[in-house]
Amino acid sequence: MFPAGKCIRTAKAVQSRTPSMQRAISILRVSTKKQLSSGDGIENQRLGNNEYIRRRGYRLLDEVVIAETADDKERRDFEAALNSIVARKREVDLVVFWKMDRVSRAGVGTYYALKAYLAKHGVRIEFATEQIDATPAGELMESMLAATARFENRLRVDRTIGVERILTREGYWCRAAPTGFVNGRTDAGKPILLPHPDPRQWELLRYGLMRQLTGAYKVRQVADELREQGLITRSGNPLTRQTWTKICRAPVYGGMLCGPWTDYQFVRAKFDGPLTPDEWRRLQEVLDGRNTVARRLPRQASRPEFPLRRFLRCPKCRTPARGYHAVKKNDRRYSYYDCRNRACEFRIPAAEAHRMFVDLLRDVTPSPELLALFREVVLEVWESEHRELLAKSIDVNKTAGRFREEKQALIGLMKANADNPSLVAELRADYERVERALALATLARDTAEMEEYEAEAVVNHCVYFLERAGELWQEWPVDLQNRLQLMVFPRGVGFDVLEGLSNPDLSLVHAVFADSARMAAPSCRVTNRVIAELIGWYKILASIMPVPLIA
Ligand SMILES: [Zn+2]
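## Remarks on the confidence of the model for the chain
At step 1: For the chain, per-residue confidence averages 78 on the pLDDT scale, and 76% of positions sit at 70 or higher.
At step 2: Low pLDDT, under 50, characterises residues 291–300; the stretch is placed with 24 contacts to residues that sit more than four places away or in other chains.

## Details of the sheet that holds strand β12 (residues 347–349)
At step 1: With respect to topology, three strands assemble into an open sheet ordered β10-β11-β12, the strand pairing being antiparallel. Looking at which strands have only one partner, the edges of the open sheet turn out to be β10 (322–327) and β12. Averaged over all pairs of adjacent strands, the angle between strand axes in this sheet comes to 35°, irrespective of strand direction.
At step 2: Bridge analysis of β10 against strand β11 (residues 333–338) gives six bridges, and the strand direction is antiparallel. The residue bridging Ala326 from the neighbouring strand is Tyr334, located in β11.
At step 3: Its contacts with the sheet put helix α10 (residues 350–363) on β10, β11 and β12, and the angle it makes with β12 is roughly 80°.

## Re the environment of Thr214
At step 1: Its location among the elements puts Thr214 in the loop between α6 (199–213) and α7 (219–229).
At step 2: We classify Thr214 as buried; it has 22 C-beta atoms within 10 Å.
At step 3: When the C-alpha positions of Thr214 and Leu486 are compared, they lie 8.8 Å apart, and in sequence the two are 272 residues distant.
At step 4: Look past the residues within four positions of Thr214 in its chain and what remains in contact with it is Arg483, Leu486 and Ile540.

## Looking at α7
At step 1: By the burial criterion, the buried members of α7 are Gln221, Val222, Ala223, Asp224, Glu225, Leu226 and Arg227.
At step 2: Backbone geometry just downstream of α7 places Gly230 in the positive-phi region, at approximately 100°.

## A look at the environment of Val509
At step 1: Residue placement: Val509 occurs in helix α16 (residues 508–517).
At step 2: We classify Val509 as buried; it has 23 C-beta atoms within 10 Å.
At step 3: When the C-alpha atoms of Val509 and Val488 are compared, they prove to be 8.3 Å apart, with 21 residues separating the residues in sequence.
At step 4: What Val509 contacts, discounting residues up to four positions off in sequence, is Val530, Glu533 and Leu534.

## Thoughts on the nonpolar core
At step 1: Membership of the largest hydrophobic core comes to 79 residues, with the highest contact counts inside it found for Leu209, Leu308, Leu312, Ala353, Cys462, Leu534 and Trp537.
At step 2: Apart from the residues lying within four places of it in its own chain, the contact partners of Leu209 are Cys248, Tyr253, Pro274, Leu275 and Leu283.

Basis of the calculations
- Residues numbered from 1 in each chain as written.
- Predicted model: local features only at pLDDT ≥ 70, side-chain atom pairs only at ≥ 80, totals over all residues.
- pLDDT = per-residue confidence, 0-100.
- Contact = placed C-beta atoms within 7 Å.
- Pairing = 2+ DSSP bridges.
- Helix = DSSP H or I, 4+ residues; strand = E, 2+ residues; numbered from the N terminus.
- Axes fitted to C-alpha atoms, helices over the stretch in contact; angles between N-to-C directions.
- Buried ≥ 20, exposed ≤ 12 C-beta atoms within 10 Å, placed from the backbone.
- Core = buried A, V, L, I, M, F, W, Y, C linked by C-beta atoms within 7 Å.

Now the structure itself:
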């Protein structure tokens, strides 16, 4: 009997049969490991449930056993059990669990969802060991027990990560591999991260991070470019600005670990990232705006004797070269670049490499005629872009607005259909698709940056730089040399290129000239990406040579 005036929310025929007619399904949930020793073991639960059903005067209709496992199988087993109960809803009045924690490990929300779901089909839940009824005290007990079960479950999870915590503090990686990495093991069987087996992904990552480190590009620009170049995230999706920000901010890309498992202390990892720890720290400063090119050039850890260190690559294995001094018998020091893999037998005197590099810079310097043409074309494109820009940004805003509306509509539909899991799953897939499309649409706003800069100033600085890169490199201090190198050869240079055996991987701007050399008449194809690159250069150059230059 319910107390008078009590509102019974489940209006369906839950209580239509008298107790003696009511039929129960007993649900036993067992942790496969603990079931034998623990008091909540399967036999215990069975006896307890059966006793409860007998005492209440119900009839035991069936028994279902669900094993708890760490993976997704448990959820599927649970769903299958629920579906079989609902399929028999005409015969079933209630299900009996042993204890609240047997149902609500996943949290209060799950328990109430389950309760509501079963109630809709006229099936209620009872617990053999807990007094939960529709009185206020019963309701309080119900939510407290559900919360307690969730809390206990959290504690259990905390205990299981104890080992990972220890290993992480030792510098090992104990989670799924992030973008650009794969999971591996040391010879001793400890988990460790390894660079992605596709070296291009790894190179792209380093390329993008170094580009971001120059301080001349927006996160969005680099993310955009990397996506076009084919950088794939861990989940196989195209790279978004958000993902790229996360990558730039993750210490693992500087070969370090830092997080709750290390008590937020930085730990040098047992593996290298695409950046050195020092480069990664400087990148954080750049991203924080504490170290933009306009304010202060980053303090370089590079040694002045070895500007090509980590930039020059071994011609055999493509590993970035090291720089070192050798002291010979006559006590004189000799400087070399070499490959850390001895098998490659790559070693070159530093002075010789520097001479060859200056030659290469001169080789890629465009002719005065081409530069004049380039200046003209850039100014022209800039002007016409400027006119199109307004129209375009209106378009982008319209598209983005449409996607936003669609997102809102989908959210509404999901809310309205919360009780239909399969429909919600479909709607969620739609939602994710729209969200991706929206991210891409807003990325298209890049060109807006052209608005902020003077076409003449940008072109003057860049043409000046293009004409004199070889001379400037010899004059500049090592940190600026490093900048210059990456501006001209964003991916570094293999020694085979210095030897003239391979073609260099040039900047977008230099590529324009390389293309035009192949055409009959002098011509320049200047795209928006080239202009964006020029603006990036300008930001660097203006901080080094602030005086407006006349080329
Ligand atoms: Zn090598």
